[in-house]
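Residues per chain are reported as follows:
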Amino acid sequence: PTVSYVAFDGTETIVTGFAGDSVMETAVRNGVPGIVAECGGSLSCATCHVFLCADSAGLFPPKLDLEDDMLDGTAVDREDNSRLSCQLKLSDDVSVHVQTPETQV
Ligand code: FES
């Protein structure tokens, strides 16, 4: 799988990840800016906020209630396509596009 991260300033970083890893883990492992992930993926920080591009919306299950609740506490206000990237697990061969917010804290 590959993930394209587009930063607030338009800079795109494309990395190859592993099936089963999250979009957050893939960013952290590769030093992609724009994702902080203070809690390490335990759904308790909301600093892994991303905007999931329309072409990637169908690649992941809908968010659970806890993720939805946590999205109310993001540094940049949530949008309809907001997700917490630690909850987005990559499948084989997917090509994912996300945008990262201006700040996570
Ligand atoms: Fe903390 Fe995703 S890494 S909620």
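For clarity, every value in this text was computed on a predicted model and none was experimentally measured.

Trainee: Would you mind showing me how to read the confidence of the model for the protein chain here?
Mentor: Detailed reading of predicted coordinates is not advised where the pLDDT is low. A residue-level look at the protein chain finds 100% of positions with pLDDT of 70 or above and a mean pLDDT of 98. Of the two predicted TM-score estimates for the complex, the pTM is 0.97 and the ipTM is 0.99.

Trainee: Explain the sheet that holds strand β2 (residues 12-16) to me, please; I cannot follow it from the model alone.
Mentor: Two strands in a sheet stick together by hydrogen bonds in their backbones, pointing the same way (parallel) or opposite ways (antiparallel). Here we have five strands laid out as an open sheet, ordered β2-β1-β5-β3-β4, and mixed in their pairing. A strand with exactly one partner marks an edge of an open sheet, and here the two such strands are β2 and β4 (82-84). Strand-to-strand twist across the sheet, computed as the mean angle between neighbouring axes with direction ignored, equals 35 degrees. By the bridge criterion, two bridges tie strand β3 (residues 49-52) to strand β5 (residues 95-99) in an arrangement that is antiparallel.

Trainee: Sorry, what's going on with the environment of Gly 58 here?
Mentor: Relative to the assigned elements, Gly 58 resides in the loop between β3 and α2 (65-70). Considering only alpha carbons, one finds Gly 58 and Asn 30, 28 residues apart in sequence, at a separation of 24 Å.

Trainee: Help me understand the nonpolar core, please; the structure alone is not making it clear to me.
Mentor: Nonpolar side chains in soluble globular proteins tend to end up buried together. Counting 19 residues, the largest nonpolar core has Val 23, Met 24, Ala 37, Cys 48 and Val 98 as its most contacted members. Contributions of two or more residues to this core are made by β1 (2-6), α1 (23-29), β3 and β5. Among the elements that take part in this core, α1 stands out by supplying three residues, more than any other. Residues within four places of Val 23 in sequence aside, it is in contact with Val 3, Val 50, Ser 85, Leu 88, Leu 90, Val 96 and Val 98.

Calculation criteria
Residues numbered from 1 in each chain as written. Predicted model: local features only at pLDDT ≥ 70, side-chain atom pairs only at ≥ 80, totals over all residues. pLDDT = per-residue confidence, 0-100. Pairing = 2+ DSSP bridges. Helix = DSSP H or I, 4+ residues; strand = E, 2+ residues; numbered from the N terminus. Axes fitted to C-alpha atoms, helices over the stretch in contact; angles between N-to-C directions. Core = buried A, V, L, I, M, F, W, Y, C linked by C-beta atoms within 7 Å. Buried ≥ 20, exposed ≤ 12 C-beta atoms within 10 Å, placed from the backbone. Contact = placed C-beta atoms within 7 Å.

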